[in-house]
Amino acid sequence: MTGWTGPGDGTQTGCLAMFPGQGSQRPGMARHLLETYPSARRLFARADEILGLPLSEICVSGGAEELGRTEITQPAIATTSLAVWELLESAGYRPAATAGHSLGEYPALVAAGVLSLESALELVRLRGRLMGEVAREVPGAMAAVLGLPAEDVLAACASAGGVGLVQVANYNEPLQTVISGHEYAVEAAGRTALDAGAEKVVRLDVGAPFHCSLMEAVEEEFTHALSLHAFADPVLPVISSVTGTYVGSGEEARQLLRRQLTGPVRWVEVLRTAARHPVGAYTEIGPGRVLSGLARRTLGEARTRSTGDPRRLTALHGELAPATWPEPVA
């Protein structure tokens, strides 16, 4: 297991557990988990009860349109990720640190002992609902700018300021930056970015203009909700996607989740902080392979693993302690 688990203390290369955010969902994303592992069925049953949603059914047979609704997408991804985390942890997986991309910060905090499953899912569902409300009231959009340094993307946003609000939402990798804001301002900034040399600008299929000032409309309600939940100090290092640095306490984690609504995701800094830990391996825990690609393109020689399909999850299983792995159900 050397290289995939470990304390990250300089004597053994550690692993960063990465939890994906919105955009990693896909129909049937939890089918293999629910058909194979009793622990996953138990966790989804708890989630169904906590949320009052048939999440187990949605994550097996729900269509792309249903899964694309922000208030469904967010708890669906978080629950799927936590089911994978529970499987890996029970098999002996011990990362040096955890981090989550936007929404993924909630399961990352559960993994680090900061939030309970119940608190994380309740907050995630409210977060999705509030973000969806903003989307229904404001013609917002998000777009990924590829092949242009972040400082040039910032300049493109500034140039579109007279048209409407547009800001950087995600620093995903050195040459991939996501912008968010009013639809027409995002379009204007995208055109400027192309004129400045961007390879392409890709409109994102998301339910709201995340991580920009438009989310201030729901900040007060969400801040109140955060105050009603307990936040413990981390028992495992957590790197915040808001700052790109380590979370020092439970109270800091609470404040960072509030700031996350309107602030950009600093994923490049998250990865660079992890690389200094030292971390030499990166496991994507949950659906999709987006974060694995970002790690490779940002860090070059990064060793990455994803767990979003049966083959990859089984491969990682083989490197962990087989005796403790939950027995599949025929």
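It should be noted that the structure appears before, not after, this text.
Residues numbered from 1 in each chain as written. Predicted model: local features only at pLDDT ≥ 70, side-chain atom pairs only at ≥ 80, totals over all residues. Heavy atoms only, no water.

### Let's talk about the sheet that holds strand β3 (residues 140-146)
In sheet architecture, strand pairing relies on hydrogen bonds along the backbone and comes in two forms, parallel and antiparallel. Across the sheet, which stays open at both edges, the four strands sit in the order β4-β5-β3-β6 with antiparallel pairing between neighbours. A single partner strand is all that each edge strand has here, and the edge strands are β4 (166-173) and β6 (200-203). Adjacent strand axes in the sheet meet at a mean angle of 25° when their direction is disregarded. As defined by bridge partners, β3 adjoins strand β5 (residues 176-182) across seven bridges and the pair is classed as antiparallel. The residue bridging Ala-143 from the neighbouring strand is Ile-179, located in β5. Docked against the sheet, helix α13 (residues 290-299) engages β4 and β5, running at close to 80° with respect to β4. (Pairing = 2+ DSSP bridges. Helix = DSSP H or I, 4+ residues; strand = E, 2+ residues; numbered from the N terminus. Axes fitted to C-alpha atoms, helices over the stretch in contact; angles between N-to-C directions. Contact = heavy atoms within 4.5 Å.)

### What about the nonpolar core?
Of all hydrophobic cores here, the largest spans 77 residues; its most connected members are Leu-33 and Leu-115. Here the element with the most residues in this core is helix α5 (residues 70-90); it accounts for ten residues. Residues contacting Leu-33, with those up to four places away along its chain left out, are Ala-40, Thr-80, Ala-83, Val-84, Leu-87 and Leu-313. Grouped together as the second largest cluster of nonpolar side chains are 19 residues, Ala-143, Leu-148, Ala-160 and Val-166 included. (Core = buried A, V, L, I, M, F, W, Y, C linked by side-chain atoms within 4.5 Å. Buried < 20%, exposed > 50% of the residue type's maximum accessible area, 1.4 Å probe, protein only.)

### Some thoughts on the sheet that holds strand β7 (residues 238-239)
Pairing is parallel in the open sheet, where five strands are placed in the order β7-β2-β1-β8-β9. Two strands close off the open sheet at either side, each with one partner strand: β7 and β9 (303-306). The sheet contact formed by strand β1 (residues 14-19) and strand β8 (residues 279-284) spans five bridges and is parallel. Looking at β8, one finds that Met-18 is bridged to Glu-284.

### Some details on the packing of aromatic side chains
To describe a pair of aromatic rings, one takes the distance between the centres and the angle between the planes. Inspection of every chain in the model, using the stated rule, returns two aromatic pairs. Among the aromatic residues, those joined into a cluster by ring pairs are Phe-19, Trp-85 and Tyr-93. (Phe/Tyr/Trp six-rings, centres within 6.5 Å; stacked < 30°, edge-to-face > 60°.)

### Some details on the pattern of salt bridges
Per the stated rule, a full pass over the model turns up ten salt bridges. Three or more residues joined by partner-sharing salt bridges are found here, namely Arg-129, Glu-133 and Glu-221. (Salt bridge = Lys/Arg side-chain N within 4 Å of Asp/Glu carboxyl O.)

These results come straight from atomic positions and should not be treated as a statement about function.
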